[in-house]
Amino acid sequence: MLRHLRAKHPLTVADDDRPTPTTESVPTEGRKKELDDALLNMIVKDLQPFSIVEDEGFRALVKKLDPTYTLPSRKTLKAMMSEKYAVEKEKAVAKLHNIPAVCLTADMWTSLTMDSYLGVTCHYTDANTNLGSVLLGVAKFPKAHTADNIKEALSHLITDWGLTGMVTTLVTDNAANMVAATEKLGLRHLPCFAHTLNLIVKKAVEEHEALTEIRTRARRVVTYFRSSSKANDKLILAQERMGRQTLKLVQEVETRWNSTHDMLQRLLDLREPVGAALASLSSDIMPLSSVDFEVISQSLEVLAPFKHATTELSEEKRVSASKVIPIIRMIQHKVAEKTGLATNPAAVSLGMALQQYTIRRCRNVESIRILALATLLDPRFKTLGFGNQDNAREAERLLTGECTTIIRSTSQSTSQAEPSTSQGGQNPASTGNLWELLDSRVSETQKTQSCNANATIEVKRYLNDAYLLRTEDPLKYWQAHKAVYPHLYALASKYLSLTGTSVPCERIFSKAGDVINGDVE
């Protein structure tokens, strides 16, 4: 057959003796769907525009990879993406339908074209006690940012996703309109503690003239190297000559104190290459002095606990709300320790200001009910997570009360499924019993006392159980102990799914911003 093809039909035989079609064939329906799905996934994951299917180079690549596949048009691709979104949303809604309680985070963002957007994410623990999250939406928000308009938009999302009655908490920043919108929705509000820490540090840093002046000059140095290609080349050359890893200076973002920390830390790390580069350049930019770097070094030591706390609270794949109370205690302890070791007056003053602002803004955090319950239900912390043991005892009382409610609800469901009758099969209410009212009150009191006693026993047993190592996963503990503490397990699933920050929304905006600001349609 091959000899015949070579002799009579040479154009149809490839170099490796495999016949190739002379005309384009059409892929099977299953193969076409597979390729369409791969194209959609690439656009979603790589944030590519729909117009990529019109790009000459991309079309040539696809043609080379599979000549039988015809790329969909831009319009068709949009329709396919809408269909895929509808399918994925239906799956997500079905999954959330089986979740008893969820936590939402919300935030506002403005694009480069000054269009406002509202982002909302949903967080929960599933049946296997694993953390899960779903993006409910990033929608354009053309209306005024009033509490009523925000409440209306949030209410629409909650209804659309079938979450009515399931939302335990809404986590946002401390903006008055967000707090008021949460109240109008009848939800519990939890402030974003990453924002709280940001406000504490910014306030403490800004009130110190010496550090503020150093920050101003540091920004000038960084801006110079990042805006001048010649200066940047000199910096790279200086690092190479010193046998260092080539690094770039970090630009400060005014609204995020973490960026201030990173800018100063990078300048401290590159003090010698930066000094050498500036010495070889004709510039009026003055390098920071050794005195300045001493202030920076000791100030960064004092700020380190806030840096670590912000990073840890912002981890989306781990339990975070239960950490808020103990982590604030650890910040206070560590900042006091670092301040005591500091010798530079500016660093000592900064440390004292940080302690004062932390106390001022976080003094009531142990009284926040949902945070107290989350801390108590985290087997790594329990009562030791509290600084004030009166607050720990109050949290234990609240936990016992909620556990009692669950036990009573369970017993009522059981009694309704199996209605009790008096001797002879008669209902006491139908006999005209003179003692009916008193008997029913005694029975109800006994049930309440029994439920309360059972709840107290379950809570005490859990609190007396061994602590979990801080590095271990509390959700795995509850998955292993859900049969031992069944009612506390239900509460742990509810409260340990809370997020301590609204950072998940900010991460969504980072991706959405690439799409929106990049005019990806």
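The preceding data block contains the structure.
Rules of the game
Residues numbered from 1 in each chain as written. Predicted model: local features only at pLDDT ≥ 70, side-chain atom pairs only at ≥ 80, totals over all residues. Heavy atoms only, no water. Helix = DSSP H or I, 4+ residues; strand = E, 2+ residues; numbered from the N terminus. Expected span 1.5 Å × (residues − 1). Buried < 20%, exposed > 50% of the residue type's maximum accessible area, 1.4 Å probe, protein only. Arc of directions from axis to C-beta. Contact = heavy atoms within 4.5 Å. Axes fitted to C-alpha atoms, helices over the stretch in contact; angles between N-to-C directions. Parallel < 35°, antiparallel > 145°, perpendicular 65-115°, else oblique. Left-handed = near helix turned anticlockwise from the far one by under 90°. Nonpolar A, V, L, I, M, F, W, Y, C, P; charged D, E, K, R; others polar. Pairing = 2+ DSSP bridges.

(A) Region of the structure containing helix α9 (residues 229-241). Taking 1.5 Å of rise per residue, the 13 residues of α9 would be expected to cover 18 Å, and the 18 Å separating its terminal C-alpha atoms lies within 8% of that figure. All buried positions along α9 are accounted for by A231, L235, A238 and Q239. Along the axis of α9, the buried residues cluster in a sector spanning 100°; they form a single face. Exposed residues pointing more than 90 degrees away from the buried face of α9 are listed as S229, K230 and R241. If you follow the buried residues of α9, they end up packed against α8 (209-227) and α11 (271-279). With its phi angle positive at about 70°, G243 sits one or two positions after the end of α9.

(B) Spotlight on the packing of helix α5 (residues 147-160) against helix α6 (residues 176-185). Orientation of α5 relative to α6, taken along the N-to-C sense of each, is 55°, at an axis distance of 8 Å. With respect to each other, α5 and α6 are oriented oblique. You can see that α5 and α6 cross each other, and the crossing is right-handed. On the side of α5, the interface is formed by A147, D148, I150, K151, L154 and S155, while α6 contributes N177, M178, A180, A181, K184 and L185. In terms of residue class, the contact of α5 with α6 is built from seven nonpolar, two polar and three charged.

(C) Up close: the sheet that holds strand β4 (residues 167-172). Within the open sheet, the five strands sit side by side as β3-β2-β1-β4-β5. Their pairing is mixed. Either end of the sheet is taken by a strand with one partner, and the two such strands are β3 (131-140) and β5 (188-191). Direction aside, the axes of adjacent strands within the sheet are offset by 25° on average. Taken together, the four bridges between strand β1 (residues 102-110) and β4 define a ladder with parallel strand orientation. Residue pairing in the sheet places T105 in a bridge with V171 of β4.

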